[in-house]
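Below, each chain spelled out in residue letters.
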Amino acid sequence: MIKLERLSLFLVELPLVSPFATSFSEERVKHALLVSLTADGIMGWGECVAGSGPWFSAETVETARYVISEYIKPILSAHKTFTHPSELRRLFSSIRGHPMAKAAVEAAAWDIYAKSQKKPLFQVLGGVREEVPAGVSVGIHRDIPSLLATVEGYLAEGYQRIKLKIKPGWDLEPVRAVRERFPDVLLSVDANAAYRFSDLPTLKELDRFGLLMVEQPLGFDDLLEHVRLAQTLSTPICLDESIDSAHRAWEAVELGACRIINVKQGRVGGITEALEIHALAMDRKIPLWCGGMLETGVGRALNVHLATLPGFTLPHDISATKRYFREDIADPPFELKDGFIPVPQKPGLGVEINWDRLLRSCTWSRTWKI
Ligand code: OSB
Ligand code: MG
């Protein structure tokens, strides 16, 4: 039995090495909400993947701070103990929605649990790999030459798959240019829900570029239009925003809305929920890969551990630390080794908080006794 002692929250702001533009926003600074739980003298960490504004999802770092402070913390105070982190999902189920807030706290509990077992998290999760294949997500650029230069640089570093962010007006031309210049590269696109079904003629054109997948072309909460699109497109559809729970993943698979799922543990409400999607995907032979939300080293470490599970078979949006930050708040930085990210082998997440850097980038923090 693990007895919780303290909960802390930290809001941090870390400058990104380069602006990251998508169909929904342009970010220059990463806003993150970090969670720590202390139990039996062990400190566990989680990172909330919500963004600074309600663009990717309804949740933001501020809504997560509010929900954790006002609703999740009282639940922890009422229960105080857990024997396995998968119990928290049910404890938090009285709170409707807010999967990213719940996931951040659950993550800290998984870190504590693995540390108490003196095992790296991937072993506790049933992971089968010591390194995971790295892909990179390339934001919308100001012009094609600068995009080609960025892609060339990433390929030289060894990334195994390039994902181009697209939106109406920045789609066929950049995809064609990258495909012509790099005919053999594993290439995919991510629209972050920027298209409508009436854009079908443009989306059909994407079939010409030998893409691995098109990620979330239509509405953020849609399944049925994705089913219709899947029936006319030969490129596999991958869903990201639409999958906010294991139940929704099951619906998507049953309906034929996607052939591939991008798993973000935060988006679906935590590792326990993500494990349920993994079981479904194994059963239904749906390839998975681990998405990213420009996480700091804390969230990235969790993604790396999750991506070691057997159903995660495609390259991930898990890139080296230096692709995101000059200085991260966790050490050591993640580095690429022949196109792979090695899995941390120390207990738990296997990264150390750099307190100096955490406190320097921290804009607000609070600690409660549980
Ligand atoms: O849609 O996958 C996405 C970043 C922020 C929000 C949404 C997405 C992304 C990325 C970057 O594509 C992935 C990463 O490298 O962390
Ligand atoms: Mg996406």
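About the thresholds
Residues numbered from 1 in each chain as written. Chains lettered and ligands numbered in written order. Predicted model: local features only at pLDDT ≥ 70, side-chain atom pairs only at ≥ 80, totals over all residues. Heavy atoms only, no water. Salt bridge = Lys/Arg side-chain N within 4 Å of Asp/Glu carboxyl O. Buried < 20%, exposed > 50% of the residue type's maximum accessible area, 1.4 Å probe, protein only. Helix = DSSP H or I, 4+ residues; strand = E, 2+ residues; numbered from the N terminus. Donors = N, O, S within 2.8 Å, 3.2 Å for Na, K, Ca; no water. Near = heavy atom within 4 Å. Polar contact = N/O pair within 3.5 Å; in protein donor to acceptor, adjacent residues only side chain to side chain. Nonpolar A, V, L, I, M, F, W, Y, C, P; charged D, E, K, R; others polar.

Considerations on the pattern of salt bridges
- Within this structure, the stated rule accounts for 22 salt bridges.
- Notably, a salt bridge pairs D143 with R142, separated by 3.9 Å at the nearest N-O pair.
- Look at R142 and you get exposed, because its relative accessible area is 74%.
- Ionic pairing is found between K163 and D317, a salt bridge with its closest N-O pair at 2.5 Å. On the criterion of sequence distance, the pair formed by K163 in strand β7 (residues 161–165) and D317 in the loop between α11 (297–306) and β13 (330–331) is long-range, its members being 154 residues apart. For the residue pair K163 and D317, the accessibility class agrees, reading buried in each case.

Some details on the coordination of the magnesium ion (ligand 2)
- Bound to the magnesium ion (ligand 2) are the protein donor atoms D190 (OD), E215 (OE) and D240 (OD), situated 2.1 to 2.2 Å from the metal.
- As a motif over one chain, the donors of the magnesium ion (ligand 2) read D-x24-E-x24-D. Remark: D240 occurs in the loop between β10 (237–239) and α9 (246–255) and D190 occurs in strand β8 (residues 186–190); sequence separation between them is 50 residues. D240 matches D190 in its accessibility class, with the two residues each being buried.

Details of the site of ligand 1
- Lining the immediate environment of ligand 1, one finds 15 residues, of which S137, N192, K264, L294 and Y324 sit closest.
- One of the side-chain nitrogen or oxygen atoms of S137 is found 2.9 Å away from an oxygen atom of ligand 1.
- At 3.1 Å, a side-chain N or O of K163 approaches an oxygen atom of ligand 1.
- The class makeup of the residues in the shell around ligand 1 is five nonpolar, three polar and seven charged.

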